[in-house]
Amino acid sequence: LCISLLIFRGFWASSFHFVFLVWNLFLAWIPLFLSNAISAMDKQNKSRWSIGIVFCMWILFFPNSPYIITDLFHLKQQLNIPLWYDLGLLISYAWTGLMLGFISLLEIQKFLDKQFTARLSWVAIICILTLSSFGIYLGRFERWNSWDIVTDPIALIVDIYERIMSPFSHPRTFGVTIMFSLFLIISYLTLFSLIKSRSHEQ
């Protein structure tokens, strides 16, 4: 649906202005592939080190899934396309990215439940969603990418350190992080509750 809406828009408006959404959607799939890999490695009793490396990769790429929500910032009235169409287009990508992330997170939570108590597992989930919200800020406003931890780690670490050590100098950093943390945590709890409710009914 997402790709079809973009293609139709391209022919309608003779512009592929939102083609970057395809790349963002591709990045949103990576956490799901990695969480599937973690589940498979766990079933095969792979070493904790190898699973840990993939888990760290998952942590780095997970913010890409909910990040697409911020692409709604690109919603503007265009001369040759209705605003409602672009709104539907952006929402379809944002929703898909968010659901990909949550499905991946559900799989990770199942893995964590096997390793720790349910309480510790939930603490980890909340921390992951909070860190992801901080990652969304870094990606949207500071224009950092997941792979910058490899290509430009020093500059990234310095940027993060500066914001953590001087929180009052960067109010937007913590405002965005808190806002998205609350949104993601409540959204995930809603999805989790619906799944649990359905499971109990069955």
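Structural data are supplied above this passage.
The structure contained in this document is the topic of the report that follows. Because the structure is a prediction, the values reported are computed rather than measured.

The subject of this paragraph is helix H6 (residues 118-140). When the terminal C-alpha atoms of H6 are compared, their 33 Å separation across 23 residues agrees well with the 33 Å that a helix rising 1.5 Å per residue should span. Close packing links the buried residues of H6 with helix H3 (48-61), helix H4 (64-67), helix H5 (83-115), helix H8 (153-165) and helix H9 (171-201).

Okay, the packing of H5 against H9 next. Look at H5 against H9: their axes get within 11 Å of each other, and the N-to-C directions meet at 65°. The pairing of H5 with H9 is recorded here as roughly perpendicular in orientation. Between H5 and H9 lies a crossing whose hand is right-handed. When H5 is examined against H9, the residues Leu98, Phe102, Leu105, Leu106 and Gln109 are found in contact with a partner set consisting of Phe183, Leu184, Ser187, Tyr188, Leu191, Phe192 and Ile195. Taken together, the residues that form the contact of H5 with H9 break down as 10 nonpolar, two polar and no charged.

Counting through the fold element by element, Leu90 comes out in helix H5. For Leu90, a relative accessible area of 1% translates into the label buried.

Quick look at the nonpolar core now. Soluble globular proteins tend to pack their nonpolar side chains together in the buried interior. In this structure, Ile38, Trp58, Leu105, Leu129 and Tyr188 are the most contacted members of the largest nonpolar core, which totals 36 residues. Within the residue set of this core, elements represented by two or more residues are helix H2 (20-43), H3, H5, H6 and H9. Considering every element that reaches this core, the biggest residue donor is H5, with nine residues. Sequence-distant contacts of Leu105, defined by excluding residues within four places in its chain, comprise Trp58, Phe62, Ile125, Ile128, Leu129 and Tyr188.

Cut-off values and rules
Residues numbered from 1 in each chain as written. Predicted model: local features only at pLDDT ≥ 70, side-chain atom pairs only at ≥ 80, totals over all residues. Heavy atoms only, no water. Helix = DSSP H or I, 4+ residues; strand = E, 2+ residues; numbered from the N terminus. Expected span 1.5 Å × (residues − 1). Contact = heavy atoms within 4.5 Å. Axes fitted to C-alpha atoms, helices over the stretch in contact; angles between N-to-C directions. Parallel < 35°, antiparallel > 145°, perpendicular 65-115°, else oblique. Left-handed = near helix turned anticlockwise from the far one by under 90°. Nonpolar A, V, L, I, M, F, W, Y, C, P; charged D, E, K, R; others polar. Buried < 20%, exposed > 50% of the residue type's maximum accessible area, 1.4 Å probe, protein only. Core = buried A, V, L, I, M, F, W, Y, C linked by side-chain atoms within 4.5 Å.

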